[in-house]
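One-letter residues, chain by chain:
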Amino acid sequence: MDRYSVELIDVVKVFRDRSGAKDHIVAVDGVSLKLIQGELLTLLGPSGCGKTTTLRMVGGFEMPTSGKVVLDGKVINDFPPHKRDTAMVFQSYALFPHLTVFENVAYGLRMRKMEKDAIVAKARHALSLVGLEGLEERQPGSLSGGQQQRVALARALVVEPKVLLLDEPLSNLDARLRAQMRIEIRKIQQALNITSMYVTHDQEEAMSLSDRIAVMNHGRIEQIGTPQEVYAKPVNRFVADFMGRKTTFLDGKVMGFDENLMHVSVMDAVLPFERVSGINTGDDVEIVVRSETVDIVPPGCGTFPGRIIHAAYFGSQVLYEVDLMGTTITAEIPDPQEREMFTQGSEVGINLKTRSIHVLPRANNGQIT
Amino acid sequence: MQEPLVLLVILLIAASLFLFVIYPLYSVLKTSLIQRDGSIGLGVYSGLLAKSYNRRPLINSIRLGAIVAVLGTIIGFIFAYCTTRVNLPFTGFFRAVAMFPMISPPFIMSLATIMLFGNNGFITKKILRGMVNLKIYGLGGLVLVETLAYFPTAYLVLSGVLQAIDPSIEDAACDLGASWWQVFRTVTLPLAIPGIASSLLLIFIESLADFGNPIILSGDYQVLAVQAYLRITGLYDLPGGAALAVILLVPSLVAFFVQKYWVSRKSYVTVTGKPSGQQISRSEPWVKTAALIVCLVLTGIILLFYGTVLVGSFMTLWGVSYDFTLANYRHVFVVGGEHIKDTLFLSTVSTPITGILAMIIAFIVVRKEFFGRQALELTSMLTFAVPGTVVGIGYILAFNQPPIMLTGTAAIIIILFVFRNMPTGIQSGIAALQQIDPSIEEASCDLGADSSTTFRNITLPLISPAFFSGLVFSFVRCVTAISAIIFVVSGKWKLITVAVLGSVENSDLAQAAAFCVVIIAMVLSAIGIINLLVYQPWKRGGQKRLKEPTISGGAESWIGTA
């Protein structure tokens, strides 16, 4: 299939600095993306990485400096937002404060000069889809944050856009509501089979609702892939560091290969890791140690000796900061009730769950795959 | 109230507000009720309002105010939309020019109009060669002049309102398929309605209160502010003048209360989550071209008016001889030297008093709980809505006899300046304070500072932008004031605006123009000096720029009545 719902081809966006024409800010630096029908792709990255600008270029709120934005096979670079078949859910919801909930949802249909009966039917349907029946006549200002969020979603969905754009839609909600809404958004998106682009800086959100994630940094895509690929097989140090709760990098050297395994010397041990193509014997590597791949065992038992610097109890898990021969690593131990707990200052043993640990070539300078 | 000092300050402020705001108004009301035979009653009013001829000034004032309010708001809105929503070049220049009328004496527009369109005007005589008789004396001329003088009010209010609309709301409308015009009609305009209503009412108040323009340009189109003045100074009819003042006060106060307690509550600002702050420029070429033309024409007209005054100030006799001369300035500095000196002295004394008092009142009103707090706030804001003519009449009636005999002194002028120019400072102070988390002040108290120490060390530095904008405003108003002050000036204390009026009455337009140029120069240097004091560019890096207070603090605070 060579026709994609959305395609970005080498898109660049340069902002001119307001204070002087000589300073340019490259917000998006050559981004290429392809979305198939019904796919939800998330742009994930720290603030200022260009993810929102990329989204706004698809919506038509920014014009790309160079490159192409293609919607359903048609280049739409020069189309203003109202001529594009996209609909956006804004971070601030951007509800029309002078219109009722119903009027907000009906707005896009009215602009499309639809029959009145059809507008009522479609708007009601969209409101029921997001679970807001009965609130039609309320003013947006009288709704809770979660309800406002649903109105914004219904308002975007009701025009049946080719692409749904969501710009950090959940960032103004509290944690519990956020978790609930992301499941709902994903369910609705899948039920309607609507192609969607989603912007967030929250990796948990990205992983739980995306078909694919594009991790962005400094205006570029560092890695694009399924949540599993991006999390478990980061292509470079930035992605490895950005994903996961707490990542520590340990230096290693490849000693040799054995079928699908590669033996790497780490500190004073040699450990087997899954083979990574492009890495050869003798190469310097970095071991990506995520907190959940570290196990803490009684002293004398593990691969490495260590000492607890700090212990934090979370109920469902314990987080240890451990000194491993001068390097501080974080260990996340589930089910603390089932196991021995260690106190600050105690000597322990450390095991690495090598099957879950990814290895990167050293000094990877962030090539895009 | 645990702190005696705070209590004392509140009592002092309440007493002075009563004495210098309430009591003069009461004097006006009382005097207007003194009938010809000395008894108390409504005789003066029935005499004034019985004949249709006598009712005319009231109708004229209201009609003029309504027309100017509508035209000024339309122009102000267009100008605000062009400078906030369309990505135009020279926006800073357009804004600066639009602010000119706010910092110049009220009658400068009339002066320029006479110089351009009067019987001996440059355009009438030199360009049209007397073929067309332009009737500038009367309603037509007043509408032109007041619209130009007061549209900046609308511009400030409405650009504040337009900037406060989260741009993503308009983005959303556009995203859902609305064209530029549809976004404007269905989103931007409805959201600006409260601001438009505010602007209509504020300009209406300003036009009602205007004295400087109608006294020069009204011809036989009589308006209340001028008639009240003439009745007192020309006919020595104190009850009649007072009654006209009361009649003038009523529509002003009605408009003020409608604005303050009804319209300003209808604002749509702050409805949803965090605004994205990204401003999309409506860059459709025809919108941009149209906006640019509108801005160029409007600033062109303003510059033509000011340019006429500037050029005219160097002419021998405007309308007759257009030879270059410095004689007008010689006259201004020799004959008018005292006026300049007195004006500078009185303004320089009253400005800091106004600024500090305004901040203290703002602080007390926002942060302290006490009986009568709302009454105190309302009273302190009252002079804003009261036309200058009414205040001036009130002061001569109230302070012309023992126990408080102030006429002819510098004190009466300074007090008048302070209490007339305070409301804007209070308003911006209140707006600034409401943005400062009270816990910052609580932290100071918690660490051992008392109320006044906290105010000096914590609050005042945080609200300093409001304080300094209050200072600028106050100084500008002092130097350009005419309507109230004309009643209390004396042979001993002369003011420059009164001198301009004298020159106009003598038909020496070139001289009046030179006076106006000097006034504007004084205003601009004062603004420059205060800015230097605030930002101290000679210090490395300068003082950190504090964030401007929001709409009501920054922009609206510049709106005041003549």
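Residues numbered from 1 in each chain as written. Chains lettered and ligands numbered in written order. Predicted model: local features only at pLDDT ≥ 70, side-chain atom pairs only at ≥ 80, totals over all residues.

Examining the overall build of chain B
Rules: Per the convention used, a helix needs a DSSP run of H or I reaching at least four residues, while a strand needs a run of E reaching at least two, with both numbered from the N terminus. Every radius of gyration here is taken over C-alpha atoms, with the globule rule written as 2.2 Å times N^0.38, N being the number of residues. Buried means a residue has 20 or more other C-beta atoms within 10 Å of its own C-beta, exposed means 12 or fewer, and partly exposed covers the counts in between; C-beta atoms are placed from the backbone. Residue pairs are scored as contacts if the distance between their C-beta atoms, which are placed from the backbone, is within 7 Å.
The number of helices and strands found in chain B is 25 helices and 4 strands. The globule rule puts the C-alpha radius of gyration for 562 residues at 24 Å, and the 24 Å found for chain B is close to it. On the principal axes, the C-alpha backbone points of chain B span a range of 65 × 60 × 55 Å. The buried share among the 562 residues of chain B stands at 51%. Here the analysis covers contacts within chain B between residues at least 6 apart in sequence; of these, 82% occur between residues at least 24 apart.

A look at the overall build of chain A
Along its length, chain A carries 8 helices and 20 strands. Counting only C-alpha atoms, chain A reaches 75 × 45 × 45 Å along its principal axes. Here chain A holds 369 residues, and 43% of them are scored as buried. Counted over contacts in chain A with a minimum sequence separation of 6, partners at least 24 positions apart contribute 66%.

Quick notes on the interface of chain B and chain A
Let me state the cut-off plainly: Classification convention: Asp, Glu, Lys, Arg as charged; Ala, Val, Leu, Ile, Met, Phe, Trp, Tyr, Cys, Pro as nonpolar; all other residues, Gly among them, as polar.
Residue-level contacts link 24 residues of chain B with 26 residues of chain A. At 7 residues, the largest contribution of residues to the side of chain B that touches chain A is made by helix 8 (residues 167-175) of chain B. A class-by-class count of the residues in the side of chain B that touches chain A yields 13 nonpolar, 7 polar and 4 charged.

What to know about the domain arrangement of chain B
Residue and element names in this part refer to chain B. Stated formally: Residue ranges for the domains trace back to a domain assignment, done automatically or taken from a database.
One can read the domain layout of chain B as domain 1 (1-41 + 324-562) and domain 2 (49-268 + 278-312). Relative placement of domain 1 and domain 2: their C-alpha centres are 23 Å apart. Of all elements in the fold, only helix 1 (4-32), helix 17 (388-398), helix 21 (464-480), helix 23 (496-505) and helix 24 (509-535) reach the threshold of two or more residues within the side of domain 1 that touches domain 2. For the side of domain 1 that touches domain 2, the element with the highest residue contribution is helix 24, accounting for 9 residues. Residue composition of the side of domain 1 that touches domain 2, grouped by class: 27 nonpolar, 8 polar and 1 charged.

Here we look at the domain arrangement of chain A
All names here are of chain A. With domains assigned, chain A is organised as domain 1 (6-236) and domain 2 (238-361). The gap between the C-alpha centroids of domain 1 and domain 2 is 38 Å. Taken together, the contacts link 12 residues of domain 1 with 9 residues of domain 2. Elements represented by at least two residues in the side of domain 1 that touches domain 2 include exactly strand 9 (212-217), strand 10 (220-225) and helix 7 (227-232). Counting residues per element, the side of domain 1 that touches domain 2 draws most heavily on helix 7, which supplies 3 residues. Taken together, the residues of the side of domain 1 that touches domain 2 break down into 6 nonpolar, 4 polar and 2 charged.

So, the environment of Gly252(A)
Within the secondary structure, Gly252(A) sits in strand 11 (residues 247-258). Placed 109 residues apart in sequence, Gly252(A) and Pro361(A) show a C-alpha to C-alpha distance of 9.5 Å.

Notes on the packing of helix 3 (residues 52-85) of chain B against helix 9 (residues 180-209) of chain B
Residues and elements named next belong to chain B. Spelled out, the test is: In this analysis an axis means a line fitted to C-alpha atoms, helices contributing only their contacting stretch, and an angle means the value between N-to-C directions, from 0 to 180 degrees. Geometric relationships in this document are graded by angle, where less than 35 degrees denotes roughly parallel, more than 145 denotes roughly antiparallel, 65 to 115 denotes roughly perpendicular, and other angles denote oblique. Throughout, a crossing is termed right-handed when the near helix is turned clockwise from the far one, and left-handed when it is turned anticlockwise from it by less than a right angle.
Helix 9 packs onto helix 3 with a crossing angle of 135 degrees between their chain directions and a minimal axis gap of 8 Å. The orientation of helix 3 relative to helix 9 falls into the category oblique. For helix 3 against helix 9, the interelement crossing comes out right-handed. For the pair helix 3 and helix 9, the contacting residues are Ser-61, Leu-64, Gly-65, Ala-66, Val-68, Ala-69, Val-70, Gly-72, Thr-73, Gly-76 and Phe-77 in the first and Ile-196, Ser-199, Leu-200, Ile-203, Phe-204, Ser-207 and Leu-208 in the second.

A closer look at the confidence of the model for chain A
Rules: Confidence scores here are pLDDT values: one per residue, from the predictor, ranging 0 to 100.
Of the residues in chain A, 96% have a pLDDT of 70 or more, and the chain-wide mean is 90. Per-residue pLDDT stays below 50 along residues 364-369 of chain A; that stretch engages in 10 contacts with residues further than four places along the chain or on separate chains.

Points about the sheet that holds strand 14 (residues 284-290) of chain A
Residue and element names in this part refer to chain A. We apply this condition: Here, any two strands with at least 2 DSSP bridges between them count as paired.
In spatial order, the strands read 13-12-11-14-20; together these 5 strands make up an open sheet with antiparallel pairing. Pairing within the sheet leaves two strands with one partner each, and these edge strands are strand 13 (269-274) and strand 20 (358-361). Recorded for the sheet is a direction-independent mean angle of 45 degrees between the axes of neighbouring strands. Examined bridge by bridge, strand 14 and strand 20 share 4 bridges and lie antiparallel to one another. Bridge pairing in strand 20 places Val-285 opposite Pro-361.

With respect to the sheet that holds strand 6 (residues 86-89) of chain A
Two orientations exist for strands paired in a sheet by backbone hydrogen bonds: parallel and antiparallel. Residue and element names in this part refer to chain A. The mixed open sheet is built from 6 strands, whose spatial order is 6-7-8-3-9-10. Among the strands making up the open sheet, the edge pair consists of strand 6 and strand 10. Within this sheet the neighbouring strands show an average axis-to-axis angle of 20 degrees, counted without direction. Of the strand pairs in this sheet, strand 6 and strand 7 (residues 163-167) are connected by 4 bridges, and their pairing is parallel. The residue of strand 7 that forms the bridge with Ala-87 is Leu-164. In this fold helix 1 (residues 51-59) packs onto strand 3 (40-44), strand 6, strand 7, strand 8 (195-200) and strand 9, with an angle of close to 150 degrees to the strand it touches most, strand 7.

Some words on the confidence of the model for chain B
All names here are of chain B. Looking at chain B, pLDDT values average 84 and 91% of them are 70 or higher. Confidence, expressed as mean pLDDT per element, reaches its minimum in chain B at helix 25 (residues 551-554) with 33 and its maximum at helix 17 with 92. Segment residues 270-278: pLDDT under 50, and 28 contacts once partners within four positions in sequence are set aside and those in other chains are kept. A low-confidence stretch, residues 540-558 stays under pLDDT 50, and its non-local contacts, those more than four residues away or across chains, total 45 contacts. ipTM for the predicted complex: 0.77, alongside a pTM of 0.81.

Some points on the packing of helix 21 of chain B against helix 24 of chain B
All names here are of chain B. Orientation of helix 21 relative to helix 24, taken along the N-to-C sense of each, is 165 degrees, at an axis distance of 10 Å. By the angle between their directions, the pair helix 21 and helix 24 is classed as roughly antiparallel. Crossing of helix 21 against helix 24: the hand is right-handed. Side by side, helix 21 and helix 24 meet where Phe-468, Leu-471, Val-472, Phe-475, Val-476, Val-479 and Thr-480 of the first sit next to Ile-519, Met-522, Val-523, Ala-526, Ile-527, Ile-530 and Val-534 of the second.

Brief notes about unusual backbone geometry
Not every positive phi belongs to a glycine, and Met325(A) is a case in point at roughly 50 degrees. Along the chain, Met325(A) falls in the loop between strand 17 (317-324) and strand 18 (327-334).

Details of the nonpolar core
Quick note on the threshold: For the purposes of this analysis, a nonpolar core is taken to be any set of buried Ala, Val, Leu, Ile, Met, Phe, Trp, Tyr and Cys residues that are connected through C-beta atoms within 7 Å.
Leu111(B) and Cys516(B) are the most contacted members of the largest nonpolar core, which has 278 residues in total. Among residues more than four places away in sequence, those in contact with Cys516(B) are Pro105(B), Ile108(B), Leu111(B), Val309(B) and Val500(B).

Details of the environment of Val97(B)
All names here are of chain B. Among the structural elements, Val-97 can be located in helix 4 (residues 91-99). Separated by 238 residues in the primary sequence, Val-97 and Val-335 have C-alpha atoms spaced 31 Å apart. Once residues lying within four places of it in the same chain are set aside, the contact partners of Val-97 are Thr-299, Ile-302 and Leu-303.

Some words on the pairing of strand 15 (residues 294-297) of chain A
All names here are of chain A. Only one face of strand 15 is covered, namely the one carrying Val-294 and Ile-296; the face carrying Asp-295 and Val-297 has none of its residues buried. Bridge count between strand 15 and strand 19 (residues 347-352): 4 bridges; the pairing is antiparallel. If you follow Val-294 over to strand 19, its bridge partner there is Leu-352.

Overview of helix 11 (residues 224-233) of chain B
Residue and element names in this part refer to chain B. For helix 11, a buried count of 8 out of 10 residues is recorded, marking the element as mostly surrounded by other parts of the structure. Those residues of helix 11 that fall on the buried side of the exposure criterion are Leu-224, Ala-225, Val-226, Gln-227, Ala-228, Tyr-229, Arg-231 and Ile-232. Close packing links the buried residues of helix 11 with helix 3, helix 9, helix 10 (212-217), helix 12 (238-261) and helix 17.

Concerning the pairing of strand 17 of chain A
Looking along a regular strand, one sees side chains alternate from face to face of the sheet. All names here are of chain A. Burial of strand 17 is one-sided: the residues Val-318, Tyr-320, Val-322 and Leu-324 facing one way are buried, the residues Gln-317, Leu-319, Glu-321 and Asp-323 facing the other way are not. As paired strands, strand 16 (residues 304-313) and strand 17 are joined by 6 bridges and run antiparallel to one another. From the neighbouring strand, Ile-308 faces strand 17, where its bridge partner is Val-322. Here 8 bridges tie strand 17 to strand 18, and the two strands are oriented antiparallel to one another. Across the sheet, the residue bridging to Asp-323 is Thr-328, located in strand 18.

Considerations on the environment of Gln374(B)
Residue and element names in this part refer to chain B. Tracing the backbone through its elements, the reader meets Gln-374 in helix 16 (residues 373-385). Taking the number of C-beta atoms within 10 Å as the measure of exposure, Gln-374 has 9 and is therefore exposed. For the pair formed by Gln-374 and Asp-437, sequence separation is 63 residues and the distance between their alpha carbons is 21 Å.

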